[in-house]
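Reading the structure
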Amino acid sequence: MGEKGRELDLDIGEALRYAGVGEPVPEELRLKMERVAQRVNAKVRPRYIYRVFPLERGEHGVVLVDSGVTLGGKMAKKMLAQCAQAALLVCTLGEPFEALLRREQARDMAQAVMMDACGSALVEGVCDQAERELAERFPTLYLTDRFSPGYGDLELSVQPDICSALDAARRVGVHVTDSFLLNPSKSVTAVIGLSDRPQAARIRGCDYCAMRENCALRKRGTSCAI
């Protein structure tokens, strides 16, 4: 089981993309985003936890043994078809980011939009960091793409089981609402398969995303590129 809290500078380019800023980026806007990012980096200490479980194939989906988690649907079955193990992951920016964003929303909504974009970029960076650490801990195994509830046909309703399996509420302060969303909002749950052979399955993209019909990025003619 892994658990970390660490500093991680967020990617300004990613933050600008989450804010819907296209190329070329005006220099003044980039500088404004950098200043917001510096404030976020100074106040927020991202955290992540993960645990690796053996897999079994059950009647209702892929079972992570002794976790209480069953991953239903075709996507999980495809992504984990060649895997004997999988990691459950929770990443979060925590309540400090939420408090910082609320204060900014009350003070300056334009700055708050940039701060929200910085939060989105930072939590994705935390997921990337956790994934790199997992690869380092299992150097003889191959990782699948990570995928999350709400993506493809993996239901959001599995969120409580993932968080329970990792004791996420106690360990990193992440809770699941009655509508299966995560609180704090800049939190992510994910699954990463581990296999003894290279993984070629790449099913990321807008066509597989549960948010494709309501995605603000798609409406602006861009995407999150996952």
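Up top you'll find the structure we're talking about.
We now turn to the structure provided with this report. (Residues numbered from 1 in each chain as written. Predicted model: local features only at pLDDT ≥ 70, side-chain atom pairs only at ≥ 80, totals over all residues. Heavy atoms only, no water.)

**Describing the nonpolar core**
Membership of the largest hydrophobic core comes to 37 residues, with the highest contact counts inside it found for Leu10, Met33, Val40, Leu89, Cys91 and Cys118. Residue assignment for this core shows that the elements contributing at least two residues are helix H1 (12-18), helix H2 (27-43), strand S2 (47-58), strand S5 (85-92), helix H4 (94-107), helix H5 (109-137) and strand S9 (187-195). With residues near it in sequence (within four places) discarded, Cys118 still touches Leu10, Ala15, Met33, Val36, Ala37 and Val40. Membership of the second largest hydrophobic core comes to 28 residues, among which are Leu64, Ala76, Leu88 and Val158. (Core = buried A, V, L, I, M, F, W, Y, C linked by side-chain atoms within 4.5 Å. Buried < 20%, exposed > 50% of the residue type's maximum accessible area, 1.4 Å probe, protein only. Helix = DSSP H or I, 4+ residues; strand = E, 2+ residues; numbered from the N terminus. Contact = heavy atoms within 4.5 Å.)

**Here's the deal with the pattern of salt bridges**
What the rule picks out here adds up to 11 salt bridges. Across the pair Glu104 and Arg107 runs a salt bridge whose closest N-O atoms are separated by 2.6 Å. Residue Glu104 and its partner Arg107 are both found in helix H4; the two are separated by 3 residues, about one turn of the helix. Since its relative accessible area comes to 57%, Arg107 is described here as exposed. Among the salt bridges present, the one from Arg146 reaches Glu124, with a minimum N-O distance of 3.1 Å. One end of the pair, Arg146, is in the loop between strand S6 (142-143) and helix H6 (159-165); the other, Glu124, is in helix H5, with 22 residues separating them in the sequence. The class for Arg146 is buried, based on a relative accessible area of 11%. (Salt bridge = Lys/Arg side-chain N within 4 Å of Asp/Glu carboxyl O.)

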